[in-house]
Amino acid sequence: MHRLRLLLIIPLLATSACGGPAPSAPPVAKEEKPTPTPGPPQPRFVDVAEAAGLKTVLYGGGPDKDHILESVGTGCAIVDYDGDGRLDVFLVNAWVLDEQPSQVKLKGRNALYRNKGEGAFEDVTAKAGVADESWGCGVSAADYDNDGRVDFYVTNFGPNRLYRNKGDGTFEQVAEKAGVAEAGWGAGSAFFDSDGDGDLDLYVANYIEATMDEVLAARRTTVWRDMVKVLSGPFGLRGGRDRFYRNNGDGAFTDVTDAVGMTDTAESYGLGVLASDLDMDGDVDVFVANDSNPNFLYRNNGDGTFTEVGTWSGAGVNGGGVAQAGMGVDSADFDGDGLPDILVTTFAQDSATIYRNEGDLAFQDVAVPTGLKAITYRALKWGCAFFDYDQDADVDVAIANGHIYPQVDLSPELNETYRQRPFLLRNDKGRLTDVSKDAGPGFQVAASARGLAVGDYDDDGDLDLLFTAMDAPPLLLRNDTTGAGHWLKLRLLNRHGSPAINARAAVTVGGKTQIREMRSGSSHQSQNALELHLGLGAATTADRVEIAWPGGRKSTLEHVEADRTLTVRDE
């Protein structure tokens, strides 16, 4: 058994993981929770973004959305960048366009908010040096240079940015020097160790080949459902080619896309990226959610090369054999059989899909038997997450919704709206129940939402939700669910003291084992907290916690008390 080092135990009522300055703003007060009633925990989420200080407006082109660039929105991250134990917020921003004549009206800037504790954030964008004026798209996070600090990779319409964390609250933009300043239209991205050499490589999905001149000259020519004239694409446009960069171990990367078998010969429209050990064989595979084309599934051959098996696996298309408009992606063991399943969000008038993992990278579309198709068919779906909102020891589902065509509001007979409410879907023994309407005021807010990231920003033991929305500030839905179960939060650090990307924890309670994996990227162009959260239901102790570290080492903890955060370091 591998020796581990337990760094930190935090009781339920601790205000933060470690010390820090007192907030200068008054705390964001929680509403008093009513007495729990018998039955499932009552979900309640409240949007506290404005009160918490998250006020940056996230732009997305012009009001009429004449070009598809103006439709995909931007992502977000909820990550502890400064190592104080609190989750901070990074928001990706784009531009504002005038409609007639088409021209750039305003260049939005990314925003970084430091969590001061007590539910309040401070805008540190200028000090940190991450503002930028690119047309931003997505963000992923990890410690790419093994210095113990979390870095950010931001995809853009134009050259991408790599922000190296200097450890003093500031960042250095090093994309060109590192060889990852891809100049196309970047979307989802993820860091992971493809070849087991101890450093993190980088996969970047590129959506469509386009120029700013084409964006400014675009006019709406497609007719949606025979009623309204809307933007064109993606069909008829050339897809971007995805890129895979191998980490050289010296702060720079080399483009080895073709050499490792990841050539995007179809020039598909890549959006969502998931880097995960989907076949549980000890190396990391890559799933790409493609818009209007079959999804990619790259099986890791164990030697740093990959074989694309999307169609063979059953996860390339839906159960009817049809390619969907893949947007966002996440993975978790949804049905409790010990294997990670895949969630993919899709366009309007189509179902989101759960691909049940049947082992050996074989998947089956279970959108119908789980109830997902009936719930999600009409909505246009983007960021997504498996997460246990009620801490009953299974994973539920959250989905960000929002149309890309503002013009649907002009024709009520379409029964579609540009701004849509998000979904909260409770896992009831493998079948999903839509509890959105009863999930508190936060889930009643209609927006044209895009990105979604999950994390416990207020350190109270339950998971909160961060959404981005088109031409609006973000939404921060604080989880005030009543009657929720006990919980355990794991912060897994590698030998460099940074989050151990693709480390996996198996937590056993009463003979039932839950599995969680730490990942860079996923959802829609977004980054979840780099820590693992598990609901334990009524149990006050986890019988066993087994950690599988990258590289094959394992650590085990026995009889771990619930309702606390454990920081464990690989040694």
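Reading the values: the criteria
Residues numbered from 1 in each chain as written. Predicted model: local features only at pLDDT ≥ 70, side-chain atom pairs only at ≥ 80, totals over all residues. Heavy atoms only, no water. Disulfide = S-S within 2.5 Å. Buried < 20%, exposed > 50% of the residue type's maximum accessible area, 1.4 Å probe, protein only. Helix = DSSP H or I, 4+ residues; strand = E, 2+ residues; numbered from the N terminus. Pairing = 2+ DSSP bridges. Salt bridge = Lys/Arg side-chain N within 4 Å of Asp/Glu carboxyl O. UniProt positions renumbered as here; feature names shortened; annotations may be inferred. Core = buried A, V, L, I, M, F, W, Y, C linked by side-chain atoms within 4.5 Å. Contact = heavy atoms within 4.5 Å. 1 Å grid on protein atoms, 1.4 Å probe; cavity = no way out; pocket = protein on both sides within 12 Å on 5 of 7 lines; lining within 4 Å. Points joined across faces, edges and corners; volume = space filled by probe spheres on them. Axes fitted to C-alpha atoms, helices over the stretch in contact; angles between N-to-C directions. Phe/Tyr/Trp six-rings, centres within 6.5 Å; stacked < 30°, edge-to-face > 60°. Nonpolar A, V, L, I, M, F, W, Y, C, P; charged D, E, K, R; others polar. Polar contact = N/O pair within 3.5 Å; in protein donor to acceptor, adjacent residues only side chain to side chain.

### Examining the state of the cysteines
Working step 1: Summed over all chains, the structure comprises zero disulfides.
Working step 2: The cysteine Cys76 is free of any disulfide, with Cys384 supplying the nearest cysteine sulfur at 12 Å.
Working step 3: Cys137 takes part in no disulfide bond, and the closest cysteine sulfur, belonging to Cys76, lies 14 Å away.

### A closer look at the pairing of strand β34 (residues 504-509)
Working step 1: For β34, the tally of buried residues reaches six of six residues, placing the bulk of the element in the interior.
Working step 2: The alternating pattern of β34 places Arg504, Ala506 and Thr508 and Ala505, Val507 and Val509 on opposite faces, both of which are buried.
Working step 3: Two successive antiparallel strands, β34 and strand β35 (residues 512-517), enclose a turn made up of two residues, where Gly510 displays a positive phi of approximately 55 degrees.
Working step 4: Summarising the sheet, β34 and strand β37 (residues 541-548) pair through five bridges and their orientation is antiparallel.

### Notes on the pattern of salt bridges
Working step 1: By the definition in use, this model includes 32 salt bridges.
Working step 2: Here Lys177 ties to Glu172 by a salt bridge, and the two come within 3.4 Å at their closest N and O atoms.
Working step 3: Residue Glu267 pairs with Arg238 through a salt bridge whose shortest N-O separation is 3.0 Å. Taken together, the residues Glu267 in the loop between β17 (253-255) and β18 (269-276) and Arg238 in the loop between β15 (228-230) and β16 (243-247) connect sequence positions 29 residues apart.
Working step 4: What you see here is one network of salt bridges that share partners, running through Asp456, Asp459, Lys489, Arg491 and Glu531.

### With respect to the UniProt feature "domain: ASPIC/UnbV" (unreviewed entry) in the chain
Working step 1: In the numbering adopted here, UniProt assigns the feature "domain: ASPIC/UnbV" (unreviewed entry) to residues 500-567.
Working step 2: Split by type, residues 500-567 is 0% helix and 56% strand. Its first and last C-alpha atoms lie 11 Å apart.

### A closer look at the nonpolar core
Working step 1: Of all hydrophobic cores here, the largest spans 54 residues; its most connected members are Phe152, Leu162 and Leu490.
Working step 2: Of all the elements, strand β10 (residues 151-165) adds the most residues to this core, at five residues.
Working step 3: With near-sequence residues (within four places) excluded, Phe152 lies in contact with Ala77, Val79, Tyr81, Phe90, Leu112, Val139, Ser140, Ala141, Arg161, Leu162, Tyr163 and Phe171.

### Comments concerning empty space enclosed by the protein
Working step 1: Inspection of every chain in the model, using the stated rule, returns six cavities of 30 Å³ or more.
Working step 2: When its volume is computed, the largest cavity comes out at roughly 490 Å³.
Working step 3: In terms of lining residues, the largest cavity is bounded by 32 residues, among which Phe386, Arg516, Glu517, Arg519 and Leu532 are the most central.
Working step 4: Of all elements in the fold, only β22 (329-332), β26 (381-387), β30 (449-455), β35 and β36 (532-537) reach the threshold of two or more residues within the lining of the largest cavity.

### A look at the sheet that holds strand β27 (residues 396-401)
Working step 1: Spatial ordering of the open sheet is given by β26-β27-β28-β29, a layout of four strands whose pairing is antiparallel. At either end of the open sheet lies a strand with only one pairing partner, and these are β26 and β29 (431-434). Going across the sheet, the axis of each strand differs from the next one's by a mean of 25 degrees, ignoring polarity.
Working step 2: Across three bridges, β27 lies against strand β28 (residues 423-428) in antiparallel orientation. Each residue of the ladder has a partner; that of Ala398, found in β28, is Leu424.

### Notes on unusual backbone geometry
Working step 1: In this chain, Gly233 is followed by Pro234 through a cis amide linkage whose omega measures 0 degrees.
Working step 2: The residue Pro234 is located in the loop between β15 and β16 in this model.
Working step 3: Non-glycine residue Asp132 carries a positive phi angle of around 60 degrees.
Working step 4: Relative to the helices and strands, Asp132 is located in the loop between α2 (125-128) and β9 (135-142).

### Some remarks on the packing of aromatic side chains
Working step 1: In the structure shown here, the tally under the stated rule is 23 aromatic pairs.
Working step 2: Summarising the aromatic geometry, the rings of Phe192 and Phe244 are spaced 5.9 Å apart at their centres and angled 40 degrees between planes, so their arrangement reads as tilted. Linking Phe192 in strand β12 (residues 186-192) with Phe244 in strand β16, this pair joins segments that are 52 residues apart in sequence. The two residues Phe192 and Phe244 agree in class, both being buried.
Working step 3: Ring geometry for Phe347 and Tyr405: centres 6.0 Å apart, planes at 65 degrees, overall edge-to-face. Residue Phe347 is located in the loop between β23 (341-344) and β24 (353-357), and its partner Tyr405 is located in the loop between β27 and β28; the two are separated by 58 residues in the primary sequence. The burial state of Phe347 is the same as that of Tyr405; both residues are buried.
Working step 4: Through a chain of ring-to-ring contacts, three or more aromatic side chains come together here, namely Phe157, Trp185, Tyr207, Phe235 and Tyr269.

### Points about the layout of surface pockets
Working step 1: Of the volumes computed, that of the largest pocket is approximately 780 Å³.
Working step 2: If you trace the largest pocket, you find 36 residues lining it, with Ile501, Trp549, Pro550, Gly551 and Gly552 closest to the centre.
Working step 3: Breaking the lining of the largest pocket down by element, the ones donating at least two residues are β34 and β37.
Working step 4: Of the residues forming the lining of the largest pocket, the biggest block, three residues, is contributed by β34.
Working step 5: Here the residues of the lining of the largest pocket are counted per class, giving twelve nonpolar, twelve polar and twelve charged.

### Some details on the side chain of Asn247
Working step 1: Within the fold, Asn247 resides in strand β16.
Working step 2: For Asn247, a relative accessible area of 4% translates into the label buried.
Working step 3: In this structure the side chain of Asn247 is engaged in a polar contact, spanning 2.9 Å, whose partner is the backbone oxygen of Tyr144.
Working step 4: If we skip the residues at most four places from it in the chain, Asn247 touches Tyr144, Asp197, Asp199, Leu200, Asp201, Ala252 and Phe253.

### Some words on the environment of Arg219
Working step 1: Within the secondary structure, Arg219 sits in the loop between α4 (212-217) and β14 (222-224).
Working step 2: Residues Arg219 and Glu99, spaced 120 residues apart in sequence, show a C-alpha to C-alpha distance of 9.9 Å.
Working step 3: Residues contacting Arg219, with those up to four places away along its chain left out, are Asp66, Gln100 and Ser102.

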